[in-house]
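Coordinate analysis (summary)
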Amino acid sequence: MNKELENRFVTELENNQNIVHKVCTLYTNDRDSHNDLFQEITIQLWKAYPKFRGDSKFSTWMYRVALNTAITMYRKSKKRVQTQDYESVIFKIKADEYDEAEEQQLKLMYNAIKQLGDIDKALVFLYLEDKDYSEISETLGITEVNARVKMNRIKNKLRTILNP
Amino acid sequence: MMDELELLKKDWQKKEAYLPKLSHAEIHKMIWKKSSSIVKWILIISILEFLLPHLLYLLPSAKTSWAIYESLGMSNYIIGLTVVQYVIVFYFIAQFYKRYKEISVLEDAKKLMRKIIKTRASVKYYIIFSLSLLFFAFVSAAFAIYISEDLSVLFDSMHTEVPQNVSPERLKRSFIWSVLILGFCFTAFIGGIYFLLYGRLLRKLKKNYNELEQIEV
């Protein structure tokens, strides 16, 4: 493969790397696994890049490959010990932007999301990324109606955690 | 009151500030690293599984068993069986390769998982086939002993003497049973190991696939 393609790919990924980092944040619990998954997603994106035609946005295409890798292709290595000092990005909440109750709520919700299964996490992730149901359904391969039903169930689950 | 989930969504967008930033060079280094994806593992393990049973024939003990088959007048039968076996093995390999090639990370999650499971299934059927064949070989040997008139040829091929203090009838019976029991244990042992490994490899994927399936019910 030629250098030009390589450079174009790396530049696009560099500009959109947030998407991949966010997926890694949801699906891993320590820095090493985060980097591991990031690398695997990068490899999968690069392998599939020649098939990327540019008729959809690079970022849209990335969501699919990144989630597929996290849900399906990635194998967690069991050896990893969770590093104590590592605080996942999602728990970094700026205290001065919220009142105490809100901060507490956010922490509870993020905690709950972390406990969800891989598929539920994917739904929540796409919801948080402001994707509509047609995109969610296409990414996961379920019908739009069922995506909506499932999402509502997850939302209710999160609400009950906050208001028991 | 502001909806909690809206609050969450807003906060999520702010997270970008905390995310790591990799440089162009760091990402560039990654693209040539080796993948350790489940699909890669399936390929490696499957190739091993296709090869291993055939490497067993190279062991010295395989020659002894060949001598035993010959002594029982089964050699033509075994050759025929081997030809059939290889035709089927090549069919499985071709099917595996075709399905493997169809796996694409660009599909939706459900289709991708289904294709991986199907690819793996062609290896699973191959293993079930090999195990049945293995067990069948033991059963045939037991049958050959049953119809053979003279057991001394069998003992000659194993380079041992025919025990004199046991009646031929009893000897035959205990022989048949040992072959059958040995065959059963051996097949079960290999099958057990195999399905343990197989289960481990796809556990997470199957769980996620079932979860997606359940959404559709």
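Computed from a prediction, not measured in an experiment: that's the story for all the values here. Residue numbering note: each chain is counted from 1, following its sequence as written. Think of it this way: whatever chain is written first is A, whatever ligand is written first is 1, and the rest follow in order. Totals for whole chains, interfaces and linings use all residues, but because this is a predicted model, local features are given only for residues with pLDDT of at least 70 and pairs of side-chain atoms are given and counted only at 80 or more. Note that the side-chain values use all heavy atoms of the structure and ignore hydrogens as well as water.

Concerning the overall build of chain A
For the purposes of this entry, the term helix denotes a DSSP run of H or I that reaches at least four residues, the term strand denotes a run of E that reaches at least two, and both are numbered from the N terminus. For chain A, the count of helices and strands is seven helices and zero strands. For chain A, the spread of C-alpha atoms along the three principal axes comes to 55 × 40 × 35 Å. Evaluated residue by residue, chain A yields a buried proportion of 55% over its 164 residues. For chain A, the share of sequence-separated contacts (at least 6 apart) that also reach a separation of at least 24 residues comes to 66%. Accessibility here uses a 1.4 Å probe with only protein chains present; expressed as a share of the type maximum, an area under 20% marks a residue as buried, one over 50% as exposed, and anything in between as partly exposed. Residue contacts are defined here by distance: any two heavy atoms, one from each residue, within 4.5 Å place the two residues in contact.

A few points about the interface of chain B and chain A
Size of an interface, as often reported, equals the accessible area lost when the parts are brought together. Each partner contributes to the interface: chain B provides 51 residues, whereas chain A provides 71 residues. Here the quantity called buried area is the accessible surface, traced with a 1.4 Å probe, that two parts lose on coming together, added over both. Carbon and sulfur atoms make up 61% of the area that chain B and chain A hide from each other, which totals about 6000 Å². The largest contributions to the chain B side of the interface with chain A come from Leu5, Trp12 and Leu106 of chain B, which together make up 13% of the buried area. The rule for a salt bridge is simple: a side-chain nitrogen of Lys or Arg has to be within 4 Å of a carboxyl oxygen of Asp or Glu. Here chain B is connected to chain A by two salt bridges. With a shortest N-O distance of 2.9 Å, Lys9 of chain B and Asp130 of chain A are connected by a salt bridge.

With respect to the domain arrangement of chain A
Residues and elements named next belong to chain A. Domain boundaries assigned for chain A yield domain 1 (1–78) and domain 2 (96–164). Source of the domain bounds: an automatic or database domain assignment. Here the C-alpha centroids of domain 1 and domain 2 sit 22 Å apart. Taken together, the contacts link 13 residues of domain 1 with 14 residues of domain 2. Taken together, the two surfaces of domain 1 and domain 2 that pack against each other cover about 1300 Å², and 62% of this comes from carbon and sulfur. Among the residues domain 1 hides against domain 2, the three largest losses belong to Leu26, Tyr27 and Tyr63. Together they make up 45% of the total. If you look at where domain 1 meets domain 2, you find one salt bridge. Whenever two N or O atoms come within 3.5 Å, that pair is a polar contact, provided that in protein one can donate a hydrogen and the other can accept it, and provided that, for residues adjacent in sequence, both atoms are side-chain atoms. Between domain 1 and domain 2 we count nine residue pairs in polar contact (both at pLDDT 80 or more) in total. Going through the elements one at a time, helix H1 (3–27) and helix H3 (58–73) are the ones with two or more residues in the side of domain 1 that touches domain 2.

A word on the packing of helix H5 (residues 118–128) of chain A against helix H1 (residues 4–14) of chain B
Fitted lines through C-alpha atoms give the axes, limited to the stretch in contact for helices. The angle between two N-to-C directions lies from 0 to 180 degrees. It is the contact of H5 of chain A with H1 of chain B, at a shortest axis distance of 9 Å, that shows an interaxial angle of 80°. As summarised for this structure, H5 of chain A and H1 of chain B are arranged roughly perpendicular, according to the angle between their axes. For the pair H5 of chain A and H1 of chain B, contact is made by Phe125, Tyr127 and Leu128 of chain A and by Leu5, Glu6, Leu8, Lys9, Trp12 and Gln13 of chain B, respectively. Amino acids are sorted into nonpolar (Ala, Val, Leu, Ile, Met, Phe, Trp, Tyr, Cys and Pro), charged (Asp, Glu, Lys and Arg) and polar (every other residue, Gly among them). Within the contact of H5 of chain A with H1 of chain B, the residues separate by chemical class into six nonpolar, one polar and two charged. Any angle from 65 to 115 degrees is called roughly perpendicular, while one under 35 is roughly parallel, one over 145 is roughly antiparallel, and all others are oblique.

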